[in-house]
Amino acid sequence: MKQEREARAYVVRFSSLLAILLVWWVVSLFFPPNFIPGPHRVLAEVWKILSSGEFFFHMAHTLKRVIVGFVWAFLVSVVIGMLMGVNRVVEQFFEVEVLVGLTIPGLAWAMIALMWFGIRDMAAIFAIFIIVLPMITVNMWEGTKALDRELIEMAVAFKASRRMVVRDVVIPQLVPYLFAATRFGFALAWKVVVLSEMLGLSNGIGFMVNYSFGLFNMDGVLAWTLAFTMIMIVMEYGLVKVMERRVTRWRPAMTVW
Amino acid sequence: MPKIQIANLTKSFSRQDGSTLRVLDGVTFHAEENEFCCLLGVSGCGKSTVLNILAGLVPPDAGEIRLDGQGLDTHRTRVGYVFQRPRLLNWRTIRQNMEFALKAHGVPHGEWGARVDHYIQLVGLQQFDREFPLALSGGMQQRVAIARALVIDPDVLLMDEPFSNLDELTARGLRRELLRIWREERKTVLFVTHNALEAVYLADRIVLFTNRPARVMRELVVDVPRERELEDPRLIKLQKEIVAALGLQ
């Protein structure tokens, strides 16, 4: 029963992808290939950049920037967010910064970072850090405020040590918020890193998209974007979702997504 | 010697606007060893605060609590607490929830298996021990909460309106079962409720609380042998007396 439902979900998802490819192909028939190339042309280009190793060289640079920037942002904002949830003064202190930070456009930060740090990895890393920071902070702030105080009270009534309260009662409640924060944070980080690379850096996915754009090479722009997106999807389904399902298996099975 | 003696317990809470709210105003009562004692009063009168003080969740302003004749050390006393909601760790199995209480109380690991088996059996959930709480109905979750409270072999079992969130039929079943468990395990029970009928059905003795700030209005002995019937005229009569004393109707 459950397997059947899961199998059907995969079929539906796969058909959705096929439908997009089909629509793309039909539309491309009505336009010149340097305006909207058909999927076969773009996929051929994807194969070219993958098999030549070019893609992996640039992806490695992009990935390094994202991971370093994201990890720093994650560490700092988890601490700030949790303190905001626990302490009213800390909450009041950071509230404005967080809300303002959420509204500053990523493009502005990417430019500012390049002007400050020059054409170096640090420019992209800083831009990612400063963009992702308020996003994760907000999630952890909410998660901490939503902690079930009655459950903590129960643990105290049963004489649980502080360590037990944190490990067995508090952290499991924060896990869903940590996952949401990771997902949104990564999505933002990818967007910002590509901007930084387009604007100033001399390698990375964003640089290559921009390079193809400079040659008015539509096949290249689409191929680099598509290959990059595919890697993202593999990471989301292969890593984040698998981990999430493992740690939240206590939830009653609802619809599979 | 009474199991628990509470004398002149006083507690005030400070409110947002700076004023203080007096919740307990010199509460005095006792419970005998293995006695089933109901604390009865209208909702919000402060009965639960008495339990929270006994569990060490809230410090009293003044007053004395003795357990077995000795001053109560809330850090050492083994208190089994059953709350209004089950308050289970939804990310742990039923067995792990009970082990949480054992671990918190420093019970040696070697005893866990036998103890959990015994109490899970006592509440009739032996085939569910590897399930997660959310797979169970509200009544079953509350049974787990009772088993968790008993598994630590508590000095006193505190129950704070444990059946008030359940539908009446489930609640009836669980009340009868609670009495059966209590006959087998023989614990001193302090059972908070605002339900007079529930109190006369369950209790050996009922301590009536005034409205806030709470004091003990009077005590009633329920001199009706068990098994009791909810429709027993003696219980109905006692219930009427209580309702009249609380100034309802």
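Residues numbered from 1 in each chain as written. Chains lettered and ligands numbered in written order. Predicted model: local features only at pLDDT ≥ 70, side-chain atom pairs only at ≥ 80, totals over all residues. Heavy atoms only, no water.

Caption draft 1: Geometry of the overall build of chain B. When helices and strands are tallied, chain B shows seven helices and ten strands. Relative to the 2.2 N^0.38 estimate, which gives 18 Å for 249 residues, the radius of gyration of chain B is 18 Å and therefore close to what a compact globule would have. On the principal axes, the C-alpha backbone points of chain B span a range of 45 × 45 × 40 Å. Within the span of chain B, comprising 249 residues, buried residues form 51% of the whole. In chain B, the share of contacts with a sequence separation of at least 24, taken over all contacts with a separation of at least 6, comes to 70%. Surface accessibility of chain B: about 11000 Å² in total, with carbon and sulfur atoms responsible for 46%. Side chains of chain B give 33 positive and 32 negative charges; the mean places of these two sets differ by 3 Å. (Helix = DSSP H or I, 4+ residues; strand = E, 2+ residues; numbered from the N terminus. Rg over C-alpha atoms; globule rule 2.2 N^0.38 Å. Buried < 20%, exposed > 50% of the residue type's maximum accessible area, 1.4 Å probe, protein only. Contact = heavy atoms within 4.5 Å. Areas by Shrake-Rupley, 256 points an atom, 1.4 Å probe, with all protein chains shown as cover. Lys, Arg positive; Asp, Glu negative; His and termini not counted. Charge placed at Lys NZ, Arg CZ, Asp CG, Glu CD.)

Caption draft 2: Spotlight on the interface of chain A and chain B. Taken together, the contact pairs 20 residues of chain A with 26 residues of chain B. Buried surface at the junction of chain A and chain B, summed over both partners, amounts to about 2200 Å²; 66% is from carbon and sulfur atoms. When the buried surface of chain A facing chain B is broken down by residue, A:F158, A:K159 and A:W250 rank first, second and third, together holding 36% of it. Applying the counting criterion to the chain A and chain B interface returns five salt bridges. Note that B:R85 and A:D148 form a salt bridge whose closest N and O atoms lie 3.4 Å from each other. The interface formed by chain A and chain B includes eight residue pairs in polar contact (both at pLDDT 80 or more). Taken together, the elements giving at least two residues each to the side of chain A that touches chain B come down to α7 (149–157) and α8 (162–199) of chain A. (Buried area = accessible area lost by both parts, 1.4 Å probe. Salt bridge = Lys/Arg side-chain N within 4 Å of Asp/Glu carboxyl O. Polar contact = N/O pair within 3.5 Å; in protein donor to acceptor, adjacent residues only side chain to side chain.)

Caption draft 3: Just the packing of helix α4 (residues 138–151) of chain B against helix α5 (residues 168–185) of chain B, in detail. Residue and element names in this part refer to chain B. Interaxial distance between α4 and α5 falls to 11 Å at its minimum, and their mutual angle equals 20°. Regarding the angle of α4 to α5, the classification is roughly parallel. In this structure, the crossing between α4 and α5 has a hand that is right-handed. Contacts between α4 and α5 pair G139, Q142, R143 and L150 from the former with T170, L174, E177 and I181 from the latter. (Axes fitted to C-alpha atoms, helices over the stretch in contact; angles between N-to-C directions. Parallel < 35°, antiparallel > 145°, perpendicular 65-115°, else oblique. Left-handed = near helix turned anticlockwise from the far one by under 90°.)

Caption draft 4: Molecular detail of the sheet that holds strand β3 (residues 36–40) of chain B. All names here are of chain B. Strand order in the open sheet formed by six strands is β6-β7-β8-β3-β9-β10, and the pairing between neighbours is mixed. Looking at strand neighbours, the two that pair on one side only are β6 (79–82) and β10 (216–221), the edges of this open sheet. Across this sheet, the average inter-strand angle for adjacent strands is 20°, counted without regard to direction. When β3 meets strand β8 (residues 189–193), the two strands line up parallel, connected through five bridges. The residue of β8 that forms the bridge with L40 is T193. Sheet strands in contact with α4 are β6 and β7 (156–160), and its direction is about 170° off that of β6. Sitting on the sheet, α5 touches β3, β7 and β8, and the angle it makes with β3 is about 140°. (Pairing = 2+ DSSP bridges.)

Caption draft 5: Fine view of a nonpolar patch on the surface. Residue and element names in this part refer to chain A. Together, L22, V23, W25, V26, V27, L29, F30, F31 and F35 line one region of the surface with nonpolar side chains, adding up to about 910 Å² of accessible area. Locating F31 in the fold gives a position in the loop between α1 (2–28) and α2 (39–51). Its relative accessible area of 37% is what places F31 among the partly exposed residues. (Patch = residues over 30% accessible without salt bridge, like charges linked within 9 Å, V, L, I, M, F, W, Y side chains within 5 Å.)

Caption draft 6: A look at the sheet that holds strand β5 (residues 70–71) of chain B. Residues and elements named next belong to chain B. The sheet built from four strands is open, its strands ordered β2-β1-β4-β5 with antiparallel pairing. Across the chains shown, the open sheet's two edge strands, defined by having one partner strand only, are β2 (20–31) and β5. The pairing of strand β1 (residues 4–14) with strand β4 (residues 62–67) spans five bridges and is classified as antiparallel. By the bridge assignment for β4, T10 is matched with A62. Where helix α1 (residues 47–54) meets the sheet, it contacts β1, β2 and β4, and its direction lies at approximately 110° from that of β1.

Caption draft 7: Focus on helix α3 (residues 109–122) of chain B. All names here are of chain B. Between its first and last C-alpha atoms α3 spans 21 Å; for 14 residues at 1.5 Å apiece the expected length is 20 Å, and the two agree. Turning to α3, its buried residues number three or more, namely W112, V116, Y119, I120 and L122. On its buried face, α3 sits against α2 (94–104), α4 and α5. Positive backbone phi, at 75°, marks G124, one or two positions downstream of α3. (Expected span 1.5 Å × (residues − 1).)

Caption draft 8: View of the side chain of B:T193. Residue and element names in this part refer to chain B. Residue position: T193 is located in strand β8. Under the relative-accessibility criterion, T193 is labelled buried at 2%. If near-sequence neighbours (up to four positions away) are discounted, T193 is found in contact with C38, L39, L40, G41, K47, E161, E198 and A199.

Caption draft 9: Region of the structure containing the environment of B:E35. All names here are of chain B. When you line up the elements, E35 lands in the loop between β2 and β3. Sequence separation between E35 and A145 is 110 residues, and the spatial gap between their C-alpha atoms is 20 Å. If sequence neighbours within four positions are ignored, E35 has contacts with H30, W182, K187, T188, V189, D204 and R205. Within the structure, E35 has its side chain in polar contact with the side chain of R205 (distance 2.7 Å).

Caption draft 10: Expanded view of the packing of α3(B) against α4(B). Residues and elements named next belong to chain B. Their axes nearest at 9 Å, the elements α3 and α4 cross at an angle of 140°. Here α3 is positioned oblique relative to α4, judged by the angle of their axes. Read as a crossing pair, α3 and α4 show a hand that is right-handed. Seen from α3, the contacting residues are R115, V116, Y119 and L122; seen from α4, they are A147, L150 and V151.

Caption draft 11: Layout of a positive patch on the surface. Residues and elements named next belong to chain A. Taken together, the side chains of K2, R5, R8 and R245 present a region of like positive charge at the surface. By the element assignment, R8 lies in helix α1. The class of R8 is exposed, set by a relative accessible area of 56%.

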